[in-house]
Amino acid sequence: MIAAARCVVRRDLLLALRRPSDVGTALLFFVIVASLFPLGIGAEPNQLRAVAPGVIWVAALLSSMLSLSRLFAADHADGTLEQMLLGVSPLGVIAAAKVFTHWLVSGLPLVLIAPLIALQYDLPASLYGTLALSLLLGTPVLSLIGAIGAALTLGLRGGGVLLSLLVLPLYVPVLIMGAGSVDMAAAGLAPQGQLQLLGALLLLAAAFAPWAIAAALRISTE
Amino acid sequence: MSAAIKWYWFSSPQTFFPLAGKIARWSAVGAGLLAAAGLYVGFFVAPTDAQQGEAYRIIFIHVPAAWMSMFLYVVMAFWAGIGLAFNTRLSSMMASAIAPTGALFTFLALWTGALWGRPTWGAYWVWDARLTSELILLFLYLGFMALQAAIDEPRRADRAGALLAIVGVVNVPIIYYSVTWWNTLHQGASVSLTRAPSMASTMLTGMLLMALAFWLYSIAASLARVRCIIKERE
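Basis of the calculations
Residues numbered from 1 in each chain as written. Chains lettered and ligands numbered in written order. Predicted model: local features only at pLDDT ≥ 70, side-chain atom pairs only at ≥ 80, totals over all residues. Heavy atoms only, no water. Helix = DSSP H or I, 4+ residues; strand = E, 2+ residues; numbered from the N terminus. Rg over C-alpha atoms; globule rule 2.2 N^0.38 Å. Contact = heavy atoms within 4.5 Å. Lys, Arg positive; Asp, Glu negative; His and termini not counted. Charge placed at Lys NZ, Arg CZ, Asp CG, Glu CD. Buried < 20%, exposed > 50% of the residue type's maximum accessible area, 1.4 Å probe, protein only. Areas by Shrake-Rupley, 256 points an atom, 1.4 Å probe, with all protein chains shown as cover. Phe/Tyr/Trp six-rings, centres within 6.5 Å; stacked < 30°, edge-to-face > 60°. Lys NZ or Arg CZ within 6 Å of the ring centre and 35° of its normal. Axes fitted to C-alpha atoms, helices over the stretch in contact; angles between N-to-C directions. Parallel < 35°, antiparallel > 145°, perpendicular 65-115°, else oblique. Left-handed = near helix turned anticlockwise from the far one by under 90°. Nonpolar A, V, L, I, M, F, W, Y, C, P; charged D, E, K, R; others polar. Core = buried A, V, L, I, M, F, W, Y, C linked by side-chain atoms within 4.5 Å. Polar contact = N/O pair within 3.5 Å; in protein donor to acceptor, adjacent residues only side chain to side chain. Buried area = accessible area lost by both parts, 1.4 Å probe. Salt bridge = Lys/Arg side-chain N within 4 Å of Asp/Glu carboxyl O.

Asks: Looking at this model, I keep getting lost on the overall build of chain A. Mind explaining?
Replies: A tally of helices and strands in chain A yields nine helices and zero strands. From first element to last, N terminus to C terminus, chain A shows the α and β order α-α-α-α-α-α-α-α-α. Since a compact globule built from 222 residues should have a radius of gyration of about 17 Å, the 18 Å found for chain A is in line with a globular shape. Expressed along its principal axes, the backbone C-alpha trace of chain A runs to roughly 55 × 35 × 30 Å. Long-range pairs, those at least 24 residues apart, make up 81% of the contacts in chain A between residues at least 6 apart in sequence. The distance from the centre of the 10 positive side-chain charges to the centre of the 9 negative ones in chain A is 9 Å.

Here it is, written out as structure tokens:
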């Protein structure tokens, strides 16, 4: 079981490394979306500081969703997914491993680059830690919930747009907790409560999402 | 024991079809009568509200619609879950038949809420916790319908929709509490939907009559739709 998970993680990481532009595109998208907001709403520093947590989080949501449709598509196209379904190792474990890899290549870079965006928005340096921590706890939830949508829309026409319609409403709690924790810290209050709620969401999603993903994959490939 | 047999007997689409027609017809008649009575009580019998004037009368449509919008999502997820677990065709058909009615009531609740908000709060839309979660509920309904519409094969559409509905129903309380919490963080409760004075009994009567009418309408509309789906598929 562990060996199967490790094998999937290593294989998907290798695939991502061989095609680095795929990973880069989503990251670039995140940076571009975050850079567009000041052009739209004006570069007044106080205003930027006020909207920064929300903007960074919304950009993270969109960017994480953008890479979701690729999560199972290639495996579905070349038949690897069917082999995974037929194999002896539990599908939930394989799904969890795939989601983990997806987070490593799409979520983790966001966590690392977010302080740079925060710099653009003139956020005080004391908030970088909270921002990065909230993203560290929140982006895996996005990958887990998004993977359910990705599995359900596998091979459908207009899959990408449909996926966003299914997944974005479910992202609302993560957005509220994530941006809220940074807002709290900015207001001089302790952000621990929201971070703990984010952690609770992560545990809940990590416990149940792999089974939902497995069920969705079975439905989509039968 | 005979009740149990009847239960299974009507779980087959073929035998359910005529029964659904009969129930739908009588529910539609009942809905019409109750709605007429409810609207009469609401518009002519119930007293004018001391604080809100005549504008409050939209609650006779707004509140029952909001109740139904939330209740129907649970019913839809219930039938979808039964369909997924026991592989019964009719349950899944019921789920997809309920979705448009639920979405309609959600939209109705938002629309009448906006009409009520303008004279009472001075704005068509405020980012109140209930309004926001109702809007997200509408998105969940639309997502369910869009997913089913995108899949050509009925079996896969049923099962995929069912899984989405179940994920949604788990998420609805989380969304509701997070939105409530977000709302209290961002702005103080400038307007409270909970009414301090206890309601006049005629107001309550009107509202309950309308709620019953909406119940019967939902039954009639869903069963009429499920008959169409049965005809389409069988």
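Asks: I would appreciate a short explanation of the overall build of chain B in the present structure.
Replies: Looking only at helices and strands, chain B features seven helices and zero strands. Sequence-ordered secondary structure for chain B, helices as α and strands as β, is α-α-α-α-α-α-α. Going through the 234 residues of chain B one by one, you find that 44% of them count as buried. Restricting the contact set of chain B to residue pairs at least 6 apart, pairs at least 24 apart contribute 80%. Per element, the accessible surface of chain B, about 11800 Å² overall, is 70% carbon and sulfur.

Asks: Help me understand the packing of aromatic side chains, please; the structure alone is not making it clear to me.
Replies: The description of two aromatic rings rests on the distance between their centres and on the angle between their planes. Residue and element names in this part refer to chain B. Taken as a whole and judged by the stated rule, the model has 10 aromatic pairs over all chains. Centroid distance Tyr 40 to Phe 44: 5.5 Å. Interplanar angle 40°. Geometry classified as tilted. Highlighted residues: Tyr 40 and Phe 44, both in helix H2 (residues 13-45), separated by four residues, approximately one helical turn. This pair shows no difference in class: Tyr 40 is exposed, exactly as Phe 44 is. Through a chain of ring-to-ring contacts, three or more aromatic side chains come together here, namely Phe 105, Phe 214 and Tyr 217. Sitting over the face of the ring of Phe 17, Arg 227 holds its NZ or CZ atom 4.2 Å from the ring centroid.

Asks: Explain the packing of H2 of chain B against helix H7 (residues 201-233) of chain B to me, please; I cannot follow it from the model alone.
Replies: Pairs of packed helices are described in terms of their axes, by the angle between the two and the distance that separates them. All names here are of chain B. Between H2 and H7, the least distance of the axes is 6 Å, while the angle of their chain directions is 155°. Relative to H7, H2 is oriented roughly antiparallel. By crossing handedness, the relation of H2 to H7 is classed as left-handed. For the contact of H2 with H7, the per-class residue count stands at 27 nonpolar, six polar and two charged.

Asks: How do you make sense of the nonpolar core when you look at a structure like this?
Replies: Side chains that are nonpolar tend, in soluble globular proteins, to be buried together. Judged by nonpolar contacts, the single largest core of 124 residues is most densely connected at Phe 72 and Ile 213 of chain A together with Met 76 and Leu 147 of chain B. Broken down by element, this core gets its largest block of residues, 13 residues, from helix H7 (residues 128-152) of chain A. When neighbours within four sequence positions are excluded, Ile 213 of chain A is seen to be in contact with Phe 72, Ala 95, Val 99, Leu 144, Ala 147, Ile 148 and Ala 151 of chain A. Among the nonpolar cores identified, the runner-up in size contains seven residues, and Val 172 and Ile 176 of chain A together with Ile 136 and Val 179 of chain B belong to it.

Asks: Even after reading the chapter, I still don't get the environment of Val 226 of chain B, so can you show me in this structure?
Replies: Residues and elements named next belong to chain B. Positionally, Val 226 belongs in helix H7. For the pair Val 226 and Ser 91, spaced 135 residues apart in the sequence, the C-alpha separation amounts to 9.9 Å. If we skip the residues at most four places from it in the chain, Val 226 touches Phe 16, Met 93, Met 94 and Ala 97.

Asks: Where do I start with the environment of Tyr 121 of chain A in this structure?
Replies: Residue and element names in this part refer to chain A. Positionally, Tyr 121 belongs in the loop between helix H6 (91-120) and H7. Along the backbone, Tyr 121 and Ala 50 are 71 residues apart, and their C-alpha atoms lie at a distance of 9.0 Å. In contact with Tyr 121, other than residues within four places in its own chain, are Ala 34, Phe 37, Pro 38, Leu 48, Arg 49, Val 51, Ala 52 and Val 55. In this structure the side chain of Tyr 121 is engaged in a polar contact, spanning 2.4 Å, whose partner is the backbone oxygen of Ala 34.

Asks: Would you explain the interface of chain A and chain B in this entry?
Replies: In many analyses, interface size is given as the accessible surface area lost on bringing the parts together. Contact residues are listed per partner, giving 27 residues for chain A and 28 residues for chain B. Both sides together, the interface formed by chain A and chain B hides about 2400 Å², and carbon and sulfur atoms give 77% of it. Looking at the side of chain A facing chain B, the largest losses of area belong to Leu 170, Ile 176 and Ile 219 of chain A, adding up to 24% of the total buried there. The tally of links from chain A across to chain B stands at zero salt bridges. Our enumeration of links across chain A and chain B arrives at three residue pairs in polar contact (both at pLDDT 80 or more). Going through the elements one at a time, H7, helix H8 (159-186) and helix H9 (192-221) of chain A are the ones with two or more residues in the side of chain A that touches chain B. A total of 12 residues in the side of chain A that touches chain B trace back to one element, the largest contributor, which is H8 of chain A. Of the residues contributing to the side of chain A that touches chain B, the split by class is 20 nonpolar, four polar and three charged.

Asks: Teacher, can you tell me more about the packing of helix H3 (residues 59-86) of chain B against helix H5 (residues 129-150) of chain B here?
Replies: Residues and elements named next belong to chain B. Close contact between H3 and H5 brings their axes to 11 Å; oriented N to C, the two are set at 40°. As far as their axial angle goes, H5 and H3 are oblique. Viewed along their axes, H3 and H5 form a crossing whose handedness is left-handed. Taken together, the residues of H5 that come into contact with H3 (itself represented by Ala 66, Ser 69, Met 70, Leu 72, Tyr 73 and Met 76) are Glu 134, Leu 137, Leu 140, Tyr 141 and Phe 144. Tallied by class, the residues present in the contact of H3 with H5 amount to nine nonpolar, one polar and one charged.

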